[in-house]
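# Report on the structure
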Amino acid sequence: MSRYAGGIVDAHHHFWEPSLGRNPWLLPDAAIPFRYGGYESIKKDYFPDDLLADAAGFRIVGTVTMETEWDLDDPVGEMRHMASIADRFGLPSGAVAHAQLKRGDVEGTLEQLASIPLVRGVRNKPGQAASAATAPATPTLLTDPDWQRGYALLARYGLDFELQTAWWHLDDALTLAQRHPDIPMIVNHTALPVDRSREGIDGWAQALTSIASAPNVSIKISGIGLQGVPWTAENNREIVERTAEIFGPDRIMFASNFPVDGLTGSYADIMGGFVTIAEGWSDDEQRQAFLTNAIRIYRLDPALASA
């Protein structure tokens, strides 16, 4: 066991160009409610060379870029744009698109997305209640029959589903995962463990344990910063270690969520923090979490494992 210094596939980040005017929330005058507070500093173009500069000192061999809340009427256009970035820079290695699964014409969108070699899956945020206490009275798209019909189509086109919702909705997500075992589900941002009280952490861990019972579900350890709190290994260690314990070494992936999580710490703070937390893991476990799980789960070029 030693400090990990091998190749890394950053399994969740964003490349974007607000200068194109296609991301409403990143327009100069936009100010949406945001879990990290003010976000003016990330309203700028962010390309692979920017990520690699932020990640100086780490051996980034591949990345998976996530949809950026591009104009809703053009999800295919966003992925074509991402493919052009990959052609220009050699990154990303894979991409996750957006699609409104509730739309009656979503199948045509999925068919077009699946025809773009870079695309691996779809994210359509289902919404969430403000707290665990209000969740029972706040249904999300996860229980909407029309949305579920769109979800079922993912299998036909070989697309994964990226789930971003708070942990108090994971019971509905588990039902969906069990109903569609042929659709890989990837939980984003560790199911958002924002409440770090003992009750909050225990509730989050119980929800993770439940959804981890579905073998087609994996999870990304990312997006665990806290508003106004500097990112450190110490204040995130329990979240990382409990996630790894619950899902096991073959279903976790470390990811930066840059540039968004740059609002909570530097790339060295975050990815370096993951390295510090994982120091006690076996060499194989570290390599899985930082590299090979992402290659397998996202069906990336196997050569990245030896890059």
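Before any of the text, the structure's been laid out above.
Below is a short write-up of the structure. Here, residues in each chain are numbered from 1, in the same order as that chain's written sequence. pLDDT decides what is reported in this predicted model: residues at 70 or higher carry local features, side-chain atom pairs at 80 or more are listed and counted, and totals for whole chains, interfaces and linings draw on all residues regardless. Just so you know, side-chain values use all the structure's heavy atoms and leave hydrogens and water out.

To continue, consider the side chain of Thr65. Summarising the element assignment, Thr65 is placed in strand 2 (residues 59-66). Taking the relative accessible area as the measure of exposure, Thr65 reaches 0% and is therefore buried. Note on contacts: a residue pair is in contact if any heavy atoms of the two residues lie within 4.5 Å. Apart from the residues lying within four places of it in its own chain, the contact partners of Thr65 are His13, His14, Phe15, Met82, Pro92, Gly94, Ala95 and Val96. Each helix is a run of H or I in the DSSP string that is no shorter than four residues. Each strand is a run of E no shorter than two, and both are numbered from the N terminus. Partly exposed residues are those whose accessible area sits between 20% and 50% of the maximum for their type, while under 20% is buried and over 50% is exposed, using a 1.4 Å probe and protein chains only.

In terms of nonpolar packing, the biggest core is built from 102 residues, with Met185, Phe254 and Phe274 touching the most fellow members. Setting aside chain neighbours within four positions, we find Met185 in contact with Tyr151, Phe161, Leu163, Ala173, Leu176, Ala177, Ile211, Asn216, Val217 and Ser218. The nonpolar core is taken to be a set of buried Ala, Val, Leu, Ile, Met, Phe, Trp, Tyr and Cys residues, with the residues joined through side-chain atoms within 4.5 Å.

All right, on to the packing of aromatic side chains then. Any pair of Phe, Tyr and Trp rings, taking the six-membered ring for Trp, is counted once the centres come within 6.5 Å. Such a pair is stacked with planes under 30 degrees apart, edge-to-face with planes over 60 apart, and tilted for the rest. Evaluation of the coordinates by the stated rule reveals 17 aromatic pairs. Centroid distance Trp25 to Tyr39: 5.4 Å. Interplanar angle 35°. Geometry classified as tilted. Of this pair, Trp25 sits in the loop between strand 1 (7-13) and helix 1 (48-54) while Tyr39 is found in the loop between strand 1 and helix 1, placing the two residues 14 residues apart along the sequence. One exposure class covers both Trp25 and Tyr39, and it is buried. Within the aromatic cluster, the residues linked to one another by ring pairs are Tyr4, Trp231, Phe254, Phe274, Trp281 and Phe290. A cation over a ring is seen here: Arg88 above Phe47, with NZ or CZ 5.5 Å from the ring centre. Over a ring means this: the NZ of a Lys or the CZ of an Arg is within 6 Å of the ring centre and within 35 degrees of the ring normal.

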